[in-house]
Amino acid sequence: MGIKPNSENNSSTGDDIRLKSGREGLMGWLNPTRYGWERVSYWLQRLTGVGLLIYFIGHIYETSSLVNGINAWNSMLELTQTTGGHIFLLLVIGASTFHTVNGLRLIFTESGIGIGRPGRPDYPYDATSLNYKQKSGIWVALLLATIAMLYGGMVMFGDVT
Amino acid sequence: MSEETNKIKLKVYRTNYNKEESPHYDEFDVSVKRWTTVLDALLDAKSYSDSSLGIRYSCRMASCGSCGMKINGRPRLACYTKISELNDQTIVCDPLPNFPRIRDLVTDFTEFFAHHKKIEPYIHNEKVPIDVAKKDDLVEFKQTPEDVDKYLQFSYCIKCGLCYSACPTVATDTKFPGPQALSQAYRYTADNRDSGESTRFNIVDERHGIWRCHFAGSCSNVCPKGVDPALGIQLLKGHLIGITKNDKKIATLRSKEE
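This text gives an overview of the structure that appears in the document. Remember, it's a predicted structure, so these values are computed and weren't measured experimentally. (Residues numbered from 1 in each chain as written. Chains lettered and ligands numbered in written order. Predicted model: local features only at pLDDT ≥ 70, side-chain atom pairs only at ≥ 80, totals over all residues. Heavy atoms only, no water.)

Let us look at the pattern of salt bridges. According to the stated counting rule, one finds 15 salt bridges over all chains in the structure shown. When the shortest N-O distance is used, the salt bridge between Glu 24 of chain A and Lys 70 of chain B registers 3.8 Å. Note that Glu 24 of chain A is positioned in the loop between strand S2 (17-18) and helix H1 (26-30) and Lys 70 of chain B in strand S3 (residues 68-71), a pairing that runs across two chains. Relative accessible area serves as the criterion here: at 24%, Glu 24 of chain A is assigned to the partly exposed category. Across the pair Asp 26 of chain B and Arg 14 of chain B runs a salt bridge, and its minimum N-O distance is 3.0 Å. Here the residue Asp 26 of chain B occupies a position in strand S2 (residues 24-32), and Arg 14 of chain B occupies one in strand S1 (residues 6-14), the gap between them amounting to 12 residues. By relative accessible area, Asp 26 of chain B is classed as partly exposed at 21%. Taken together, the shared-partner salt bridges connect Arg 14, Asp 26, Asp 50, Arg 103 and Asp 104 of chain B into one network. (Salt bridge = Lys/Arg side-chain N within 4 Å of Asp/Glu carboxyl O. Helix = DSSP H or I, 4+ residues; strand = E, 2+ residues; numbered from the N terminus. Buried < 20%, exposed > 50% of the residue type's maximum accessible area, 1.4 Å probe, protein only.)

Here the focus is helix H7 (residues 197-204) of chain B. Residues and elements named next belong to chain B. Regarding H7, the residues found buried are Arg 200, Phe 201, Ile 203 and Val 204. Down the axis, H7 shows its buried residues gathered within 160° of arc, on one side only. On its buried face, H7 sits against helix H2 (110-118), helix H6 (178-190) and helix H9 (229-240). (Arc of directions from axis to C-beta. Contact = heavy atoms within 4.5 Å.)

Moving on to the interface of chain B and chain A. Each side of the interface is counted separately: chain B has 57 residues, and chain A has 44 residues. Broken down residue by residue, the surface that chain B buries against chain A is led by Tyr 17, His 214 and Phe 215 of chain B, which jointly contribute 15%. In this structure, the connection of chain B to chain A is made through four salt bridges. Among the salt bridges present, the one from Glu 111 of chain B reaches Arg 23 of chain A, with a minimum N-O distance of 2.4 Å. Taken together, the links from chain B to chain A amount to 18 residue pairs in polar contact (both at pLDDT 80 or more). Mapped onto the side of chain B that touches chain A, the elements with two or more residues apiece are strand S4 (74-77), strand S6 (101-103), helix H3 (145-149), helix H4 (162-166), helix H5 (168-172), helix H8 (218-222) and H9 of chain B. The element that contributes the greatest number of residues to the side of chain B that touches chain A is H9 of chain B, accounting for six residues. Considering only residue class, the side of chain B that touches chain A consists of 28 nonpolar, 17 polar and 12 charged. (Buried area = accessible area lost by both parts, 1.4 Å probe. Polar contact = N/O pair within 3.5 Å; in protein donor to acceptor, adjacent residues only side chain to side chain. Nonpolar A, V, L, I, M, F, W, Y, C, P; charged D, E, K, R; others polar.)

Side chains of Arg 117 of chain A together with Lys 150, Lys 245 and Lys 249 of chain B sit close together on the surface and give a patch of like positive charge. Take Lys 245 of chain B: it is sitting in the segment after H9. Residue classification places Lys 245 of chain B among the exposed residues on the basis of a relative accessible area of 69%. (Patch = residues over 30% accessible without salt bridge, like charges linked within 9 Å, V, L, I, M, F, W, Y side chains within 5 Å. Areas by Shrake-Rupley, 256 points an atom, 1.4 Å probe, with all protein chains shown as cover. Lys, Arg positive; Asp, Glu negative; His and termini not counted. Charge placed at Lys NZ, Arg CZ, Asp CG, Glu CD.)

This part takes up the packing of aromatic side chains. Taken as a whole and judged by the stated rule, the model has 13 aromatic pairs over all chains. The interplanar angle of 45° and the centroid separation of 6.0 Å between the aromatic rings of Tyr 132 of chain A and Trp 139 of chain A together place this pair among those described as tilted. Ring centres of Phe 109 of chain B and Phe 112 of chain B lie 5.2 Å apart, and the angle between their planes is 75°; this geometry places the pair in the edge-to-face category. Each member of the pair, Phe 109 of chain B together with Phe 112 of chain B, is buried. Through pairs of rings, three or more aromatic residues link up here, namely Phe 99, Phe 109, Phe 112, Phe 113 and Tyr 164 of chain B. When the ring centre of Tyr 25 of chain B is taken as reference, the NZ or CZ atom of Lys 11 of chain B above it lies at 5.2 Å. Sitting over the ring of Tyr 13 of chain B, Arg 101 of chain B keeps its end group 5.0 Å from the ring centre. (Phe/Tyr/Trp six-rings, centres within 6.5 Å; stacked < 30°, edge-to-face > 60°. Lys NZ or Arg CZ within 6 Å of the ring centre and 35° of its normal.)

Next up, the structure:
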């Protein structure tokens, strides 16, 4: 008698105990709640990373319109001069600022810098690596992204030049 | 002195794949006191309402790591979670995510233990004889308390699987060893009795290995023993890229005369 995982269906043969895969899949990382600021930062870093990649591809497509002449370029630029275009650019500003600043934080933390040293754990077992020193990097990234978006919004929607 | 008794609703995930039973929740009304744990409540339901309820437990004191489950949306040990601290009149119990499900709240740890075994979680040291014929052949290492402090917290791991079930990378990558195995790789790397650093580096430094961890910190957030797997993993990465210091001197053996 043995245990045989079967993620595709529930079928099995002989005396095998039937198992069902409990893997969360994409839903596992799409939900940033319940696990603290580091999980939120992980989620935002991925979302902004994917978003910026899509923007980068779009940006190459946009600038490549130059080869079709000035009129093609101008018509492409007009797309960003609408309210929807401005909101999209605001999101790009926020995403790129957050991704850069939080990325710097991650370069340090993932190299073992700023996450504390091992020691004898005491109840209630607050994790050393989830300290406020590295956590403040997330808040700074969010704050700077908000400031950048506000300034970008004032330039695009207001009178600031 | 009498203690106040409350009534709570216990919602338990039920399924039996061997009987083609579709997943559903069963509800049990349980009387609880201030100190009642989720495991106590589940055992109450099993004793007085439905004896077919599938749960796994052993020590009831957060030492064996058997009763891990998702309680109100978070992986926790049922024996270590008091109902009063959840501040909810409804307690929802699900099987641990990212583990194959056997029945009800019981999950299969085969893959999890295989990842743990793969990182060779034991002391590598060629100077120590493996075959000990006589009692006199036994030797011991000289290790200071400071040497012990470098790995002690990681050796408190009870292999309950909570970190594995909270990890967003494990959720999408079946080959990723997970926080438990990787932190144990660091535990032996930091241990100055061990000289198998390069062997373990080769095991974890691969496509689905340590670099898939992006410090979501969820493992450390749910660890019930203060192991802080995220700390071990990031320190191990630092060692791998040569940023954090690794000034380990392999411990010497105590001579028979000492």
